[in-house]
Amino acid sequence: MIDILRRRFGLLGRNISYSFSKGYFTEKFSDEVFAGNSYENFDISEINYFTELVKNNPDLKGLNVTIPYKEQVIPFLDKLSKKAALIGAVNTIKFTKNGKLKGYNTDYYGFKKSLEPLLEPHHKKALILGTGGASKGVAFALDELGIPYTFVSREAKENIIDYNFINATTFDNFKIIINCTPVGTSPNIEACPDLPYEFFTDKHIAYDLIYNPAETQFLKNAKAKGAVIKNGYDMLIFQAEKAWKIWNK
């Protein structure tokens, strides 16, 4: 039986008082089966404080990682899982028995598992809004699902289009639109990505990685045109449970 007593876990990020992870794991650990486990937020203003954090908390067993450190934390780790290395972003860190830090990515798993039930034969291509760490896990999941994708950003670059490019033809070609940006997160709930929402149809999936609010303006606009909508809550549940398995293996 796994020794689950007196172990500390936490979330690494910046401005994370809203955190899903702390609430989720605190509730999980309230079950007497997990007595002795604790979970806390480690809110640091810049990634260089990570080394000091690890040094000052030698009893930590695992961390989740959120914005803006999913990519920045990688140089501070001793090892990466094969998939985390391919993705280029980490959202789970395991403190190994020999004191090493190993990075994993469970975002891709959570996204893939939550998207799959929505897919229909006409969902052949996806637009990924944003190019940060979260978008990399989404892209990896789409690769595994065999769904081609294009990134969208505020500035066009190689293999990235800008929002001004998106029109009716784009919506005809891309039936999955995924918001990987923080635009629309509470408290700025009236904001949404700059899209021509009139071109959404009932053949589209609008997926928002944001979970607070549960229905962002992006999702509301897409829903008004008949699109299937999905927020990031289930993705977070799946990735959190995957992280828990990693910490315990």
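Check the entry above for the structure.
Report on the accompanying structure. (Residues numbered from 1 in each chain as written. Predicted model: local features only at pLDDT ≥ 70, side-chain atom pairs only at ≥ 80, totals over all residues. Heavy atoms only, no water.)

**With respect to the sheet that holds strand 6 (residues 101-104)**
Taken in spatial order, the 6 strands line up as 2-1-3-5-6-4 in an open sheet, and their pairing is mixed. Each of the sheet's edge strands pairs with one partner strand only, and the pair in question is strand 2 (37-43) and strand 4 (79-80). Bridge count between strand 1 (residues 7-13) and strand 3 (residues 60-65): 5 bridges; the pairing is parallel. Each bridged residue has a counterpart across the sheet, and for L12 the counterpart in strand 3 is V65. Relative to the sheet, helix 1 (residues 20-29) contacts strand 1, strand 2 and strand 3, its axis offset from that of strand 2 by approximately 170°. (Pairing = 2+ DSSP bridges. Helix = DSSP H or I, 4+ residues; strand = E, 2+ residues; numbered from the N terminus. Contact = heavy atoms within 4.5 Å. Axes fitted to C-alpha atoms, helices over the stretch in contact; angles between N-to-C directions.)

**Some words on the layout of surface pockets**
Empty space within the largest pocket amounts to approximately 720 Å³. What lines the largest pocket is a set of 32 residues, among which Y18, T66, I67, T185 and Y211 lie closest to the centre. Secondary-structure elements contributing two or more residues to the lining of the largest pocket are helix 1, strand 3 and helix 8 (233-248). Looking at the lining of the largest pocket residue by residue, the class counts come to 15 nonpolar, 14 polar and 3 charged. (1 Å grid on protein atoms, 1.4 Å probe; cavity = no way out; pocket = protein on both sides within 12 Å on 5 of 7 lines; lining within 4 Å. Points joined across faces, edges and corners; volume = space filled by probe spheres on them. Nonpolar A, V, L, I, M, F, W, Y, C, P; charged D, E, K, R; others polar.)

**Regarding the nonpolar core**
F111, I128, V138, L142, I178, Y207 and L209 are the most contacted members of the largest nonpolar core, which totals 23 residues. Going through the elements one at a time, helix 4 (107-115), strand 7 (126-129), helix 5 (133-145), strand 10 (176-179) and strand 11 (205-208) are the ones with two or more residues in this core. Here this core takes 6 residues from helix 5, the largest share from any one element. (Core = buried A, V, L, I, M, F, W, Y, C linked by side-chain atoms within 4.5 Å. Buried < 20%, exposed > 50% of the residue type's maximum accessible area, 1.4 Å probe, protein only.)

**Quick notes on the environment of N15**
Considering the arrangement of structural elements, one finds N15 in the loop between strand 1 and helix 1. Between the C-alpha atom of N15 and that of D78, which follows or precedes it by 63 residues, the distance is 26 Å.

**Digging into a positive patch on the surface**
Positive charge collects at one region of the surface, where K113, K242, K245 and K249 lie side by side. One can find K249 in the segment after helix 8. (Patch = residues over 30% accessible without salt bridge, like charges linked within 9 Å, V, L, I, M, F, W, Y side chains within 5 Å. Areas by Shrake-Rupley, 256 points an atom, 1.4 Å probe, with all protein chains shown as cover. Salt bridge = Lys/Arg side-chain N within 4 Å of Asp/Glu carboxyl O. Lys, Arg positive; Asp, Glu negative; His and termini not counted. Charge placed at Lys NZ, Arg CZ, Asp CG, Glu CD.)

**Topic: the environment of G146**
Residue placement: G146 occurs in the loop between helix 5 and strand 8 (149-153). Separated by 22 residues in sequence, G146 and K124 have C-alpha atoms that sit 8.5 Å apart.

**Concerning the pairing of strand 7**
Put simply, side chains in a regular strand alternate between the two faces of the sheet. A two-sided burial pattern is seen for strand 7, the buried positions comprising A126 and I128 on one face and L127 and L129 on the other. In this sheet, strand 8 lies alongside strand 7 in parallel orientation, the contact comprising 4 bridges. Counted as the bridge partner of L129 is V152 from strand 8. Since strand 7 and strand 8 lie parallel, the crossover through helix 5 that links them has a hand, and here it is right-handed. (Right-handed = clockwise from strand over helix to strand, strands pointing away.)

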